[in-house]
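# Inside the fold
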Amino acid sequence: MTEVSMCISSSSELSPDEERIMIRDIALSAQASSKEGDTFFLITQRWWQHWIEYVNQDQTNNSYDGSSFSEHCDLANSSALKRPAGIDNSDLIDDAVSEDSTTVIEIHDTLLEGRDYVLLPQEVWNQLFTWYGGGPTLARKVISSGLSQTELTVEVYPLRLQLLVLPKNDRSSIRISKKETIGQLHRKACEIFDLQSDQVCIWDYYARRKHALMNDMDQTLDDANLQMDQDILVEVLNNTNGTTSAQENGSAPREVSSVLVEPPKSSLSIAGGLSASKGGRGYSTELSSSQNLNSPVRDVENPYGTSGVTTRGSFGGLTGLLNLGNTCFMNSAIQCLVHTPEFARYFREDYHREINWQNPLGMVGELAVAFGDLLRKLWAPGRTPIAPRPFKAKLARFAPQFSGHNQHDSQELLAFLLDGLHEDLNRVKHKPYIKSRDADGRPDEEVADEYWANHIARNDSIIVDVCQGQYKSTLVCPVCNKVSVTFDPFMYLSLPLQSTTSRTMTVTVFTCDGTALPSPCTVTVPKQGRCRDLIQALSNACSLKHNEKLLLVEIQNHLIHRFFEDPLQLLSTIKDDDHLAVYKIPKIDKNTKYLQLIHRRREQNSDSQTISGWKPYGTPIVSLISCDDAITRGDIQVIVNRMLSPLLRKGGNVEKAATSETSIPKATSDQCSVTASGDACAANMVSNSVNKVSTNLKAPPIPTLPLLLVDDSNACIDLSMGEEKVVKLSPSSTTVLVYMDWSQKLLEKYDTHPLETLPEVLKYGPVTKKARTEPLSLYTCLEAFLREEPLVPEDMWYCPKCKERRQASKKLDLWRLPEVLVIHLKRFSYSRSMKHKLETFVNFPIHDFDLTNYIANKNNSRRQLYELYALTNHYGSMGSGHYTAHIKILEENRWYNFDDSHISPISEDEVNTAAAYVLFYRRVKTDDATVSNGV
């Protein structure tokens, strides 16, 4: 504090203008000499803007144009401003995450450069810090990026990788720069898990499948194409034969730690890079998956597809697009347009004669030429993926919002492309001025044809021929009942997805002190909530005491698949058919580990003559075990006996009483009998659940159970002998794994049925099961879109009769449908305080999408029948997901998945998923077509 005070004192000797000039000169010098490895510092935009206005208050008034920070020093504000207080970066800090970290400071995952923060060279930061003090300090490194690796970028958000170590089945999250090498990642993994480097190999574990052994120690993580939140398999080799024993106990990885090597970043595709030498922007690499996505697997070793693609025959259109860094949104949209038959024919012919080189609303033909060239390459013979660099350069030139390497909305890009191609290919060289007339009681058919003719007089292109239809829009004034009818063109339909705001979840509650049997608990939580919401709801439902807490896990194949220890984890990562368990455990400050009891039994073969080995069954039970005191084999026997005591059948009361008296001292038992519902009993239970158990010499001996402890080397230690022997606990793992082998004799004494019935998260009854098999229909979405509803207050309509703005009711009807109908499912929801994605499964028809009954033009007797031929998919959450496309090659009558450069065949049953985002339908030619006038 003394240093900061002195710094502020020294700064007060300078005038605002002197500060401005000094910082400007330092910034210009720093920018001119920026190089890879330099350090930049984040400073909050709020404080920076205050300082800019302060030091420029005596200058000529200029506006902030968003240019580089050295130019900001010449901005001004006419009003006299007070000198800023100390630098305060607190609004950049994610307190909810940083509280759990003692070594690093987490920043919010939605920060944008220029809106939330500014990047300052080290020299500028040092000078400002000397003057003003404050903090916290948020340093970031400069790395090389871009396709040529010549662009300098500040890596605001480094890679986050999920390390999964086998056979220990531990897991750790690590932050590491994408410019570090595989060798450095290998060394860090060995340090985290305390492993010998010569006994470890690491695998690219994208989408939970082994893709490639990462043994090129000099290759960077960027060159290895590692993605944000990607899984990395750390495989420990067996000392005896060089192989692994990864599946000996079959348990899934569990979250145990979080190691941050570089400053943290969420799974959003934001890097906030400042190009120190060119003034441009740099961004992080493509985020193509997260560990819970349902996306098809990318083949890292063979990015050009599998052998099934290269031997498909002579049909074209099976060429992929290379990902240039977060361009999957563009690649998926392009593939759908390229595989639209009308566009494929048009752009492979001589379309140049229709280019409108003078259209001021177009891109002087450059967008059309770039798209046409790209389409021809994609339809050319061969299977080598194309790098769409020329097209992306044109896109960035005419649509700067799509420049750089940020993730974008593929539907927004699609809307821009269709509109831009239309203007570049508009056959109307000079648009006439046409004044629209109101209906004034005229027949709808007459008014609709007039509106359409006026539209075609100004807009006539291949895009209009193929993709544009016509709405009937009816507005009714709520005061004077004035009716206004217009007929407007549309390029696509954006359909809402109806969704509930809450969901019901069933979780089975276990106690670790033997006081109750497992019991299912059903609670209601926000659909877009987080794990903390579920924990809170369960705490209330099961009357959790103040000295207890809940441990939430997912069970798969009778083993704990994952621990939900992050309170901010989205509940959307939990599926309805998952199986969850929650354990009541003491809330204490001591150094403890989880004792995880896994049940096993022998399985008899179908011939009933031979018995197979021990197999996991039932649901694991979790308790706490102290790490501060020495733990003997007998102590674990006592703890497990207590955990299993509620399962004792009638007739086992003596053993049960023995267990109770042994595990709880006599005085404690007496106290619990009086205050069984009070805090004293709970406190004693906590003490005896965690501390080393004192054996009452007068108490009968407890039953010796067939328990096996799994040690660091994955060997099993028999706990049924040598009860006084001390058990050595692994310092690197938070879990003590114990197997309970259930013999037939033991099963006669214990009723394990409560352990074998673990319900799904959503239990389907007769009503909900029907809803599950009949998900939200595309027809239902369309009906919601066409339903009459009042305008939102921001879009109030000016009533020509009232001469005032009114909140009129609006009704849309389909009047004229295009040859290709594009339907956008509105999965992304935005509000001032939050944004999220709807994971609603929409059951859309692939064949026979019949819109005949939805056409308001009753004079049109043509059957409106469509067939799906392409769609884009979005996997993951907003900003951090991945786009692919499913496309039907009509010549082959076969569906394919287009995942950037990787193309693979899929069945028609795989087309419809909850990831579907933009649908492309073609009109089916029918024999009963009697009306063809533009419909």
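Structural data are supplied above this passage.
Conventions used here
Residues numbered from 1 in each chain as written. Predicted model: local features only at pLDDT ≥ 70, side-chain atom pairs only at ≥ 80, totals over all residues. Heavy atoms only, no water. Helix = DSSP H or I, 4+ residues; strand = E, 2+ residues; numbered from the N terminus. Buried < 20%, exposed > 50% of the residue type's maximum accessible area, 1.4 Å probe, protein only. Salt bridge = Lys/Arg side-chain N within 4 Å of Asp/Glu carboxyl O. Arc of directions from axis to C-beta. Core = buried A, V, L, I, M, F, W, Y, C linked by side-chain atoms within 4.5 Å. Contact = heavy atoms within 4.5 Å.

With that settled, the discussion passes to the environment of Met796. With respect to the helices and strands, the residue Met796 is situated in the loop between strand S30 (789-790) and strand S31 (797-799). Judged by its relative accessible area of 29%, Met796 falls in the partly exposed class. Separated by 12 residues in the primary sequence, Met796 and Ala808 have C-alpha atoms spaced 6.9 Å apart.

Another aspect to go through is the pattern of salt bridges. Within the structure shown, the criterion is met by 24 salt bridges. Where Arg83 meets Glu19, a salt bridge forms, and the shortest distance between an N and an O atom there is 3.9 Å. In this pair, Arg83 is assigned in the loop between helix H4 (69-72) and strand S2 (87-88) and Glu19 in helix H2 (residues 16-32), connecting sequence segments 64 residues apart. Of the residues examined, Glu19 reaches a relative accessible area of 0% and is grouped as buried. When the shortest N-O distance is used, the salt bridge between Arg24 and Asp25 registers 3.6 Å. A relative accessible area of 24% places Arg24 in the partly exposed class. Residue Asp25 is classed as partly exposed on the basis of its relative accessible area, which comes to 40%. Salt bridges sharing partners connect three or more residues here, namely Glu354, Arg427, Asp460 and Asp465.

Burial in helix H6 (residues 122-132) covers these residues: Val124, Trp125, Gln127, Leu128, Trp131 and Tyr132. The arc enclosing the buried residues of H6, seen along the axis, measures out at 165°, which places them on a common side. Just past H6, the residue Gly133 takes up positive phi, approximately 65°.

Our focus in this paragraph is the nonpolar core. By size, the foremost hydrophobic cluster in this structure holds 57 residues, and its most contacted members are Phe343, Phe391 and Phe920. If one sorts the elements of this core by residue count, helix H9 (residues 328-338) sits on top with 8 residues. Beyond its immediate sequence surroundings of up to four residues, Phe343 is in contact with Leu337, Leu375, Leu418, Ile462, Ile463, Val466 and Cys467. Judged by nonpolar contacts, the second largest core, of 41 residues, contains Phe510, Leu551, Leu709 and Val736.

Note on backbone geometry: most residues besides glycine have negative phi, and most peptide bonds are trans. With an omega of -5°, the peptide bond between Gly135 and Pro136 qualifies as cis. Even without being glycine, Val364 reaches a positive phi, approximately 45°. Secondary-structure assignment places Val364 in the loop between helix H10 (341-348) and helix H11 (366-378). We classify Val364 as partly exposed; its relative accessible area is 37%. With a phi close to 60°, Asn481 is a non-glycine residue in the positive phi region.

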